[in-house]
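# What the coordinates show
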Amino acid sequence: MKLHMIATAATRRMSSALSTSAATRCFRQQGKIRCIRHFSQTSLTEPCMDSHARAVECISSSVRKFYERKEKFRIFHGSTNSTRQLASKGTNIVDTSGLVNVLKVDTVSQTALVEPNVPMDRLVEETMKYGLVPPVVMEFPGITVGGGYAGTSGESSSFKHGFFNRTINHVEMVLANGDVVTCSDNEKPDLFHGAAGAVGTLGVNTLVELRLTKAKKYVQTTYHPVSSMSEAIEKIEEVTLDPALGYVDGILFSKNEGVIITGRSTDEPKDGISVQRFSDAQDSWFYLHARDNVRKRIGSITEAIPLAEYLFRYDRGGFWVGTSAFEYFNMPFNAFTRWWLDDFLHTRMMYTALHASGQSKRYMVQDLALPYSTAEKFVDYTDKTFGIYPLWLCPLRQSPQPTMHPHTHETEKDGVNLKPMLNIGLWGYGPARHDDFIKANRDLEHKLRELGGMKWLYAHTYYDEDEFWKMYDKEWYDSLRKKYDATSLPSVYEKVKINVEAEQGEDNASLAASILNTWPISGLYGIKKAIDSGTYLQARSFARKSREHAGHVITSR
């Protein structure tokens, strides 16, 4: 989601600091040589790679200067899918926001060479020109390739492929001392695996080689109704054993109503199967469509969704978080109002509005990975404590340990292979009072640990440091930091921990701040900043291209 969003806690919007940073000045100079996206079956053009090399040299120089001065720094990527309040102070910033190019799509090796700030919709748009698609695509189009590697990104294909980083061949990285290295399964494998999910605390990602797979025109999607969490888990365990399926997720609409959604790729839908789209303003939001399907009749329903529209099916409405905007402004929630306000209800716009309005400080946006064996108990807990629905269900293949990704230690009967986890997306309003909101989050963290689960680090994290490192292998992580000279970077804990005192101080800082936090001023201010960002134009462009090219994928080139 999300607001899972899955994304990455490493991403920060720090525009107020950028005007004074050496890295920003460097990127202004580099802007003159920034290459246009280039695609090739076999080779790269020299100007394109020269531009990338100069950008990396600039980043390396900035990083080295901070290292020599023994100063910690943060990375400015240009966008965020974190739901914590964003940092806005400090001048020790390394700006990588210009790394926005897909440099190569190779149809022979079925790989793509991609800079880290390429968002998912642009990546998919370009790879599909060559009849290829990434095996794991984050469901929000604004999540970037670099964010998917440095953060935690698991989607409906992750029961088969694992987290997004498991589809990467190698990563180019600027270490904290300024050295430029390449890491992979064969070259610096400890860094390659350790940096995945470490939110940019081991180095600065500057280039990624992704594996691709053949793209089909449609995802033949089947909706399987379930009437309880136990039935949902049973269905997930059943369908994830089917090798023909490429996608599995689920939605629990209430404690007694839900749906498990499966997908298989196809170029030709079976006779009698209709085509359903989700990208245009008049289309239904995906979760509403899924709910309507399971309420129409007993038994499963199957339809065909054009590939790109399936991959980003949750963009409009941000799964269902967009309903909260209607609640906030006391507006009717119906097909007309969703059509009328469609520009504001795509995830890029909602993220911008969420942060500008300050509403993220009272909104529960958590993705929580648990063993299948305790997932039902956890839903019983959230039902009684929060009453938040719908819940998102997503089966996940675990990464090898040690890892900074969510993980459990449960193994299959062979005692070797790790059992899959179930991600539960809990997204909705929390308590209005700040102290109660913190207490609710701490209670959630305690219950999660009790049931053997772990949260994703993009969202509010209130653990104290001892608690935090009981869940991760600190000795392993610290050894990587020391080996690769990364101790001058903020640690994972430093990056993800919520500073409660600072949040309270901001709320009480001034009369202006107090006014800005009142209804409906905070919401209106968030909308203004979202409009100013212009991100709605990207959603319009994607919807138009999806309509023009729905069902059309180049199968050879």
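This structure is a prediction, so every number in the text was calculated from the model and none was measured.

Conventions and cut-offs
- Residues numbered from 1 in each chain as written.
- Predicted model: local features only at pLDDT ≥ 70, side-chain atom pairs only at ≥ 80, totals over all residues.
- Heavy atoms only, no water.
- Phe/Tyr/Trp six-rings, centres within 6.5 Å; stacked < 30°, edge-to-face > 60°.
- Buried < 20%, exposed > 50% of the residue type's maximum accessible area, 1.4 Å probe, protein only.
- Lys NZ or Arg CZ within 6 Å of the ring centre and 35° of its normal.
- Pairing = 2+ DSSP bridges.
- Helix = DSSP H or I, 4+ residues; strand = E, 2+ residues; numbered from the N terminus.
- Contact = heavy atoms within 4.5 Å.
- Axes fitted to C-alpha atoms, helices over the stretch in contact; angles between N-to-C directions.
- Patch = residues over 30% accessible without salt bridge, like charges linked within 9 Å, V, L, I, M, F, W, Y side chains within 5 Å.
- Areas by Shrake-Rupley, 256 points an atom, 1.4 Å probe, with all protein chains shown as cover.
- Salt bridge = Lys/Arg side-chain N within 4 Å of Asp/Glu carboxyl O.
- pLDDT = per-residue confidence, 0-100.

## Considering the packing of aromatic side chains
Applying the stated criterion across every chain, the model contains 31 aromatic pairs. Residues Phe 66 and Phe 73 carry aromatic rings whose centres are separated by 5.5 Å and whose planes lie at 20 degrees to one another, so their mutual orientation is stacked. Across this residue pair, the class does not change: Phe 66 and Phe 73 are buried. Through a chain of ring-to-ring contacts, the aromatic side chains of Phe 140, Tyr 223, Phe 278, Phe 286, Tyr 287, Tyr 314, Phe 319, Trp 320, Tyr 351, Trp 392 and Trp 427 assemble into a single cluster. Sitting above the plane of the Tyr 310 ring, Arg 313 keeps its charged end 4.0 Å from the centroid. A cation over a ring is seen here: Lys 474 above Trp 469, with NZ or CZ 5.7 Å from the ring centre.

## Details of the sheet that holds strand S13 (residues 301-306)
Pairing in this open sheet of 8 strands is antiparallel, and the strands run S13-S10-S12-S11-S15-S16-S14-S17 from one edge to the other. Whereas interior strands pair on both sides, the edge strands pair on one side only; in this sheet they are S13 and strand S17 (454-455). Two elements, strand S15 (residues 391-396) and strand S16 (residues 421-429), share 5 bridges in a ladder whose sense is antiparallel. When the bridges of S16 are listed, Leu 396 appears paired with Met 421. Seen against the sheet, helix H14 (residues 372-385) touches strand S11 (247-254), strand S14 (363-371), S15 and S16 and runs at an angle of roughly 155 degrees to S14.

## Observations concerning the sheet that holds strand S7 (residues 180-184)
Within the open sheet, the 5 strands sit side by side as S3-S4-S8-S6-S7. Their pairing is antiparallel. At either margin of the open sheet sits one strand with a lone partner, and together these are strand S3 (102-106) and S7. Strand-to-strand twist of the sheet, defined as the mean angle between neighbouring strand axes without regard to direction, takes the value 15 degrees. Alignment of strand S6 (residues 168-174) against S7, held across 5 bridges, turns out to be antiparallel. From the neighbouring strand, His 170 faces S7, where its bridge partner is Ser 184.

## Comments concerning the environment of Lys 474
Among the secondary structure elements, Lys 474 is positioned in helix H17 (residues 474-483). With a relative accessible area of 33%, Lys 474 lands in the partly exposed category. It is 9.8 Å that separates the C-alpha atoms of Lys 474 and Met 404, two residues lying 70 residues apart in sequence.

## Points about a nonpolar patch on the surface
Taken together, Leu 511, Ile 515, Leu 516, Ile 521 and Tyr 525 make up a surface patch of nonpolar side chains, about 440 Å² in accessible area. Looking at the nonpolar patch, the elements that each hand over two or more residues are helix H20 (511-516) and helix H21 (521-533). The element contributing the most residues to the nonpolar patch is H20, with 3 residues. With respect to the helices and strands, the residue Tyr 525 is situated in helix H21.

## A few points about the confidence of the model for the protein chain
Taken over all residues, the pLDDT of the protein chain has a mean of 87, while the share at 70 or more is 85%. The model gives residues 1-43 a pLDDT under 50, and that stretch makes 166 contacts with residues more than four places away or in other chains. Scored below 50 in pLDDT, residues 82-89 shows 38 contacts in the model against residues more than four places distant or in partner chains.

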